[in-house]
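Architecture and fold: a report
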There are 4 protein chains.
Amino acid sequence: MKHALTSLGDYTAPVRRFGASFIARLMVLAVGLCAMTVLTIPEMEQSASLWLNLCLGSCLAYFIVESVMRAYEHTRNTRLLNYLFTPGAIVDLLGVAPVTIALVSGVPPATAWLFASLWILKLAQDSPGFAQLGRVFVLEAKPLASVFAVFLILLFLSAAGIYVLERDYQPAAFGTLPEALWWAVVTLTTTGYGDAVPQTNLGHFLGAFVMVSGIATFGLWTGILATGFAAESRRRNFIQTWDLVSKVPFFQSLDPSAITEITHMLRRLEVPERTAIIRRGKVGDCMYFIAGGEVQVDIKPSPVRLGAGAFFGELALLGDSIRTANVTTTMPSTLLVLDLADFRALTAHHPDLKREIDAEGQRRLAENRRREPQRRTSVSPS
Amino acid sequence: MKHALTSLGDYTAPVRRFGASFIARLMVLAVGLCAMTVLTIPEMEQSASLWLNLCLGSCLAYFIVESVMRAYEHTRNTRLLNYLFTPGAIVDLLGVAPVTIALVSGVPPATAWLFASLWILKLAQDSPGFAQLGRVFVLEAKPLASVFAVFLILLFLSAAGIYVLERDYQPAAFGTLPEALWWAVVTLTTTGYGDAVPQTNLGHFLGAFVMVSGIATFGLWTGILATGFAAESRRRNFIQTWDLVSKVPFFQSLDPSAITEITHMLRRLEVPERTAIIRRGKVGDCMYFIAGGEVQVDIKPSPVRLGAGAFFGELALLGDSIRTANVTTTMPSTLLVLDLADFRALTAHHPDLKREIDAEGQRRLAENRRREPQRRTSVSPS
Amino acid sequence: MKHALTSLGDYTAPVRRFGASFIARLMVLAVGLCAMTVLTIPEMEQSASLWLNLCLGSCLAYFIVESVMRAYEHTRNTRLLNYLFTPGAIVDLLGVAPVTIALVSGVPPATAWLFASLWILKLAQDSPGFAQLGRVFVLEAKPLASVFAVFLILLFLSAAGIYVLERDYQPAAFGTLPEALWWAVVTLTTTGYGDAVPQTNLGHFLGAFVMVSGIATFGLWTGILATGFAAESRRRNFIQTWDLVSKVPFFQSLDPSAITEITHMLRRLEVPERTAIIRRGKVGDCMYFIAGGEVQVDIKPSPVRLGAGAFFGELALLGDSIRTANVTTTMPSTLLVLDLADFRALTAHHPDLKREIDAEGQRRLAENRRREPQRRTSVSPS
Amino acid sequence: MKHALTSLGDYTAPVRRFGASFIARLMVLAVGLCAMTVLTIPEMEQSASLWLNLCLGSCLAYFIVESVMRAYEHTRNTRLLNYLFTPGAIVDLLGVAPVTIALVSGVPPATAWLFASLWILKLAQDSPGFAQLGRVFVLEAKPLASVFAVFLILLFLSAAGIYVLERDYQPAAFGTLPEALWWAVVTLTTTGYGDAVPQTNLGHFLGAFVMVSGIATFGLWTGILATGFAAESRRRNFIQTWDLVSKVPFFQSLDPSAITEITHMLRRLEVPERTAIIRRGKVGDCMYFIAGGEVQVDIKPSPVRLGAGAFFGELALLGDSIRTANVTTTMPSTLLVLDLADFRALTAHHPDLKREIDAEGQRRLAENRRREPQRRTSVSPS
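Predicted, not measured: the structure shown is a model, and the values here were computed from it.

Here T334 of chain D shows up in strand β8 (residues 333–339). Those residues within four positions of T334 of chain D in sequence are excluded, and the remaining contacts are L244, L269, E270, F289, I290, A291 and G292 of chain D.

This is the structure in structure tokens:
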């Protein structure tokens, strides 16, 4: 059966691939949300109701098909019940189920389509960035909780204070504690709508204190998040780069301590097909290692291709800094970029590495000469 | 007498333990503050006065009992007078005394219960996070004071400026310097109520300058807090982890310099009872050392238990990254987590450590085989 | 003549010292600014004019005397002309001259005293913290200028845009470009007075873009300041601590690389006279070196005094962490604090340092025994 | 032809140089933008129309000439088509073309000159700082995109929520989803105009949640930018300083690892002609290496000049910290500053470097004596 599906899949693959692509999803999402937003304007609802409903219906159909296909794909490996509790499945369900149920159970369309606003959650699906942000909040949970407690304490005490100070002067705005709490949250976050403003002198003092406290509190909040993000960012880069470094044969001859060091220095770069990486004549301040994919070096008689494990652009770091040839990807590739600064620090600590880069360059140069004896151009653009 | 109390305590322990637990306190706090908030709404006060007062009375009784018990417990070790000046005791007193005194001395209940807003301070009690935030402010006290002085200078000079520029055009909003100061603080913190807005051209210029200065000032404030928090966070983690590392026998064979290094890399993790730490089939990117408590590894014929000092999850770092067994805590445990990135950096610097981890894994594997000769599953889930 | 002044000074020294002290200046400043603020309220000006003027006059007299004395003291070393261009002298002059000239030249007092708002600048006088903040702005001047240019570009383009979009709908609020610029600055800083709010759909789009751009811009601003402050803070601490470390004989036997390392770890602490540093029974997580001053260790038969170069509190780091004696300063002292975390890292790298601390402790213990043979208490509180 | 142009250029060079200078451009820009702003005020347009148009016309002429000259200069090296797609050329075109086309095609001047607001983009031209800020956004693109997605999700869901909660109570402010989106963006960025404020209790709850979420989101945003800027700043400083270090002969004798280390410590300083670097009698906490240019040391009989490769100010770091002579640049110079803190750390790790600095000082001192045998002043001011 899997075989049958695969062969069916072969015919519909191009359509399916576009339909499931990132850009197609974003476009459907944007169209759907716009249509749903426009539908809430009374004039538009009367004049263009049919078209808007049609548009929303198509988007809903797309998301239903997509959700079912995604569920089908996942449940080949795991059980349906396990899959239903993954964030992706919950987002799919929230996007599809409420609006369908509302439409089927006879809720007026204008109201039912409001549930389509849940489609915006699809922005968070399958994104590694969200996991990273989430980890920052988890790692710094304790200090963030403390800051939030400080916020609650300030909120409640300032609300109680302003209630006592202003309730007799402005019973409409500060007559009850819930209204005072609303003022406190609007002031503590420095939003400042201006619908409730203290007018007594003591109220002004308290207000000034609340504003400054709010800024101090959220400054601490930002400081904690900055610290957490810096740590998480360092950690994540290391892990991802390490996996790639292990695929580059050139680094495998190094001792583990040098690999650890170089991993901290390399930066990953995902490049799509047919993209220029190096342009002739530009100033170069980095060299590249190919962790996956292939690039083409445009040297004159016939271009040379470099595959996974090769490196290029090192001449710019060794001597003259002007690039001598264009380098373009021939397929989606993963490169590891070594900046000039790090290259110098690295070769300072590991002179053997510099020798290896020189030797590898010489070897490629010799190979290049053997293939094209009439020319003496280096494969490796500087 | 201490003995008598202990034996009495044994009977009431479960109740007492729940009553003193973190969640019970939070619930009483939330109920009390809600009741007190609702009591300030005139309609509610008339219709549900009895119930609200009853509810608030119960919360007050709970806090009185709790305060007395806490005081009793503390004064077993220290003198009452010393205890009264600890932050915890002051918060207890502030929560209990004012509202009680107000009620007893015949203040109308609706007013007296306003003092219950001080209960919110209990959020700050016994929390190590607050001490940490406080230390950041202490360590960075000098630069923060300088920023606050800059704020005061900007505040006063801009208030004097706007007073001179706008007092003739808008005597109601800028007629006196206190009113101008109110505008200045509302603008400098970018709250912007809109109750006083400059209308002359020069007033607009000054206003724009004040807003931009406010953001620059508080950006510096945030930068200082971020720097201070990063330093404090590093320091605190080191101390807490060092204490745990010293309890893991595996690390005791290392030289002090390696212990310092590994302490910087380990992350503490407090896990409650019966919590899954590793799930079979998931991708693993860290290993765990048990600093305290016990975990159960669910391998088939009969599960294996690992106690303090053992480690698990190392196979995911050595080879294949898919976890091969569930691991669950059997009691509240303290784990030390070593991330993949740090594991690689550590074993690169200390190849002997990697050998020890391999050897320990082999030893446990052999023991496992001896116990269950018919199976060849490793105890250690990868 | 200098001699004559000194002997005269000897009689007035206590008064002069208090009058020139930090707290006295702050009090005069606060009183002066309050009086000047109150004077702008018409009712107060009529009822309490005499008292307020008297109060302001006294403050002015104080600042005149202070300025003259400070100028006299400085011009003993440098020429008057050089001194006049120092920030301190300019602040003194700004505080004294404008208000005096205004009063003398017949300006009505209520207006003349407005110049007293310049007194607030005295907050910035003689404060090293301001120099530090200033250095951050100087070091990061280029990126901060770039962010400011981005701010100006956003400001001008959004003002031009909103002027085109809204001038026909709201000629009162957006009828001219200066008015549109006012809206742009109020929105870009997220102040949001609400005196001018776009009402067309395109205006709403532009407004949303301006708000989000404002936050992005000022987030970058904060990030630059945080980076700059972290660098400046590290640099400043190192220099100040190095100077103190060189005064502690204990560290002089170390090689320069170890001194560099320990300098990064030590934290300065300025302690006034008669201040408790260690309290008996508390948990200790740091040890102290005396860079200057003297402390008294309260051990029973007779307390022991430790002077510059000695250390104390090390037992808490070596074994049991409960402090065993009170330690109090007998004069204003400068201490160097070594945290538990850093102590462990340091002694891990320099085992000889740990031996020296142990040996020094033993030596002091022996001396202690020699002095009081009937007791066996260690001088050094843990 | 190039030769002809150069000789023509020689005559107009001084005018051309001022006309193309940074300050002249800023002045023309400021004058042009002010004139264009004033032109939108109806009274000014009627009374001073001629002068304003003349002024704007001159600015436009200046920018046209400047753009053409810049294009001419660039197209000597690259092709015109390539140049047209550089950011500089696009900014030039945007500043010149739209306003010219509008004026020529008969649009009323008051409207046509609005395109002059695009001149503000010239602030971004030729500034390396902008490239640096741009790199931060590129490096942190993924997490910033995630934060922006979180912002969009919060925006849309809170708009849908407030629309449902408030549309019946305030149909004017929350009657359609676009209006609710406007409220959401105004609240989420904590701008808070106050033109639309929730009034139901649930609306207040949602509003409070939106404000706090907004601050949390943008705190993360700031944290990411701070992390990215710190990394980019470190990288950029290293590269720029390395290039300069390689020009100082003194450092060329060092091994590469020491050069890497010292590069991290040095700070670049671009100094214009005739600028005092060291003032006699001031306290010194850094020494200087001359990477390019020349300085003059004002020692009494006749001043001494030091060129590229020399250093000065080292005596302040070796012993007494009071500078003993003025040092002034004689031409625009590039200096490398070594702070006291870093000097100590460096000489601790590399005692040979300290010896070389001492030796070089002695050598210069000896040379100084040979030239002026009657005096014994060191050339090198401390």
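All names here are of chain B. What the four strands build is an open sheet, ordered β1-β8-β3-β6; its pairing is antiparallel. Looking at strand neighbours, the two that pair on one side only are β1 (267–271) and β6 (311–312), the edges of this open sheet. In this structure, β1 lies alongside strand β8 (residues 333–339), joined through five bridges in antiparallel fashion. Each residue of the ladder has a partner; that of R268, found in β8, is L336.

This brings us to the pairing of strand β5 (residues 304–307) of chain C. Residue and element names in this part refer to chain C. Side chains V304 and L306 of β5 all project onto a buried face; the interleaved residues R305 and G307 project onto a face where none is buried. Pairing of strand β4 (residues 294–297) with β5 involves four bridges; the strand directions are antiparallel. Bridging from a neighbouring strand, V295 pairs with L306 of β5.

We now examine the relation of the copies chain D and chain A. Expressed as a screw operation, the relation of chain D to chain A combines 0.0 Å of axial shift with a rotation of 90°, fitting to an RMSD of 0.1 Å. With respect to symmetry, the two chain copies, as superposed, fit the operation of a four-fold axis. In this assembly the copies use different faces: only 10% of the residues contributing to the interface of chain D also contribute to that of chain A.

Next up on the list: the environment of A291 of chain A. With respect to the helices and strands, A291 of chain A occurs in strand β3 (residues 286–292). As a C-alpha pair, A291 of chain A and T190 of chain A span 101 residues in sequence and 49 Å in three-dimensional space.

This next bit is on the interface of chain C and chain D. Taken residue by residue, the interface counts 52 residues in chain C and 46 residues in chain D. Buried surface at the junction of chain C and chain D, summed over both partners, amounts to about 4,100 Å²; 76% is from carbon and sulfur atoms. If you sort the residues of chain C by the area they bury against chain D, F156, M211 and L220 of chain C come out on top, with a joint share of 14%. Here chain C is connected to chain D by zero salt bridges. Here chain C and chain D share three residue pairs in polar contact (both at pLDDT 80 or more) between them. If you list the elements that add at least two residues to the side of chain C that touches chain D, you get α7 (128–139), α8 (141–166), α10 (177–188), α11 (201–245) and α13 (256–265) of chain C. It is α11 of chain C that provides the largest number of residues to the side of chain C that touches chain D, a total of 18 residues. Considered class by class, the residues forming the side of chain C that touches chain D number 31 nonpolar, 16 polar and five charged.

Both copies of the chain are tied together by a single rotation about an axis and a shift running along it. Between the two copies, chain C and chain D, the superposition gives an RMSD of 0.1 Å; the rotation angle is 90° and the shift along the axis is 0.0 Å. Comparing contact sets, just 10% of the residues at the interface of chain C also lie at the interface in chain D, consistent with a heterologous contact between different surfaces.

With that settled, the discussion passes to the sheet that holds β4 of chain C. All names here are of chain C. With antiparallel pairing, four strands are arranged side by side in an open sheet as β2-β7-β4-β5. The sheet is open, and its two edges are formed by β2 (276–278) and β5, each paired on a single side. Each adjacent strand pair in this sheet contributes to an overall mean axis angle of 30°, direction not counted. Bridging between β4 and strand β7 (residues 327–329) involves three bridges; their strand directions are antiparallel. Note on β7: the bridge partner recorded for Q296 is T328.

A separate point is the packing of aromatic side chains. Evaluation of the coordinates by the stated rule reveals 32 aromatic pairs over all chains. Their ring planes at 55° and their centres at 5.6 Å tell us that F151 of chain B and F218 of chain B sit as a pair that is tilted. One end of the pair, F151 of chain B, is in helix α9 (residues 141–166); the other, F218 of chain B, is in helix α12 (residues 201–245), with 67 residues separating them in the sequence. Here F151 of chain B and F218 of chain B have matching classes, each one buried. Linked through ring pairs, Y62, F63 and W119 of chain A together constitute an aromatic cluster. The ring of Y163 of chain A carries R167 of chain A above its face, with NZ or CZ at 4.8 Å from the centroid.

All right, on to a positive patch on the surface then. Judged by side-chain charge, R234 of chain A, R234 of chain B, R234 of chain C together with R234 of chain D come together as a positively charged surface patch. Here R234 of chain C falls in the exposed class, since its relative accessible area comes to 55%.

On to the state of the cysteines, then. Disulfide: a covalent bond formed between the sulfur atoms of two cysteine residues. Residue and element names in this part refer to chain D. Under the definition given, this model contains zero disulfides over all chains. In this structure C55 is a free cysteine whose sulfur lies 4.7 Å from that of C59, the closest cysteine sulfur available. On the basis of relative accessibility, which here comes to 24%, the residue C55 falls in the partly exposed class.

A word on the environment of M36 of chain B. Secondary-structure assignment places M36 of chain B in helix α2 (residues 22–39). Taking relative accessible area as the criterion, M36 of chain B reaches 2% and is therefore assigned buried. A C-alpha to C-alpha distance of 11 Å links M36 of chain B and L54 of chain B, two positions 18 residues apart in sequence. Once residues within four sequence positions are removed from consideration, M36 of chain B is found in contact with F156 and L177 of chain A together with L56, W113, L114, A116 and S117 of chain B.

Here we take up the pattern of salt bridges. For the structure shown, the criterion picks out 28 salt bridges over all chains. With a shortest N-O distance of 3.6 Å, E66 of chain D and R70 of chain D are connected by a salt bridge. Placement of the pair is E66 of chain D and R70 of chain D together in helix α3 (residues 42–75), with a separation of four residues, close to one helical turn. For the pair E66 of chain D and R70 of chain D, a shared accessibility class is recorded, and that class is buried. Salt-bridge contacts for E294 of chain D lead to R305 of chain D; the nearest nitrogen and oxygen are separated by 3.2 Å. With E294 of chain D in strand β4 (residues 294–297) and R305 of chain D in strand β5 (residues 304–307), this residue pair connects regions lying 11 residues apart in the sequence. It is possible to trace a salt-bridge network through shared partners that takes in R25, E66, R70, D92 and K122 of chain A.

Under the 1.5 Å per step criterion, the end-to-end length of helix α2 (residues 22–39) of chain C is 26 Å for 18 residues, consistent within 8% with the ideal 26 Å. Among the residues of α2 of chain C, A24, R25, V28, L29, G32, L33, A35, M36, T37 and L39 of chain C are the ones counted as buried.

Here we take up the interface of chain D and chain A. Listed as interface residues are 52 residues of chain D and, on the opposing side, 46 residues of chain A. Where chain D abuts chain A, roughly 4,100 Å² becomes buried across the two surfaces, and 76% of that area is made up of carbon and sulfur atoms. Of all residues in chain D, the largest losses of buried area upon contact with chain A belong to F156, M211 and L220 of chain D, amounting jointly to 14% of the total for that side. Scanning the region where chain D abuts chain A turns up zero salt bridges. At the junction of chain D with chain A, the criterion picks out three residue pairs in polar contact (both at pLDDT 80 or more). Contributions of two or more residues to the side of chain D that touches chain A are made by α7 (128–139), α8 (141–166), α10 (177–188), α11 (201–245) and α13 (256–265) of chain D.

The rules we used
- All residue numbers refer to position in the chain's written sequence, counted from 1.
- Here the convention is simple: chains get letters from A, ligands get numbers from 1, in the order in which they are written.
- At least 70 in pLDDT is required for a residue's local features to be given in this predicted model, at least 80 for side-chain atom pairs to be given and counted, and no such filter applies to totals for whole chains, interfaces and linings, which use all residues.
- Only hydrogens and water are removed before side-chain values are computed, so all heavy atoms of the structure are retained for them.
- Secondary structure follows DSSP: runs of H or I at least 4 residues long count as helices, runs of E at least 2 residues long count as strands, and numbering of each begins at the N terminus.
- Note on contacts: a residue pair qualifies if any of its non-hydrogen atoms lie within 4.5 Å across the two residues.
- At least two DSSP bridges between two strands are needed for those strands to be called paired.
- Partly exposed describes any residue whose relative accessible area lies between the buried limit of under 20% and the exposed limit of over 50%, with all areas from a 1.4 Å probe on protein chains only and scaled to the type maximum.
- The least-squares superposition of copies is restricted to C-alpha atoms, and to residues with a pLDDT of at least 70 in both copies.
- Accessible area that two parts lose when put together, evaluated with a 1.4 Å probe and summed over both, is termed the buried area.
- A side-chain nitrogen of Lys or Arg and a carboxyl oxygen of Asp or Glu constitute a salt bridge if their distance falls within 4 Å.
- Polar contact is defined as a pair of N or O atoms within 3.5 Å, subject to the rule that within protein one atom must be able to donate a hydrogen and the other to accept it, and that residues adjacent in sequence are counted only when both atoms are side-chain atoms.
- Polar here means any residue outside two lists: the nonpolar Ala, Val, Leu, Ile, Met, Phe, Trp, Tyr, Cys and Pro, and the charged Asp, Glu, Lys and Arg; Gly therefore counts as polar.
- Axes here mean lines fitted to C-alpha atoms, for a helix over just the part in contact, with angles spanning 0 to 180 degrees between N-to-C directions.
- Stacked, tilted and edge-to-face are the three classes applied to pairs of Phe, Tyr and Trp rings, where Trp contributes its six-membered ring and a pair requires centres within 6.5 Å; stacked means planes under 30 degrees apart, edge-to-face means over 60, and tilted covers the rest.
- By definition here, charges over rings are those cases where NZ of Lys or CZ of Arg is within 6 Å of the ring centre and within 35 degrees of the ring normal.
- Patch definition: residues above 30% relative accessible area lacking any salt bridge, with like charges linked at up to 9 Å and the nonpolar side chains Val, Leu, Ile, Met, Phe, Trp and Tyr linked at up to 5 Å.
- Residue exposure ignores everything except the shown protein chains as possible cover, and the areas themselves are Shrake-Rupley values with a 1.4 Å probe.
- When charges are tallied, Lys and Arg are placed among the positive residues and Asp and Glu among the negative ones, while His and the ends of the chain are skipped.
- By convention, charge coordinates are those of NZ in Lys, CZ in Arg, CG in Asp, or CD in Glu.
- Two cysteine sulfurs form what is called a disulfide whenever their separation falls within 2.5 Å.
- In this scheme, a helix's expected span is set at 1.5 Å multiplied by one less than its residue total.

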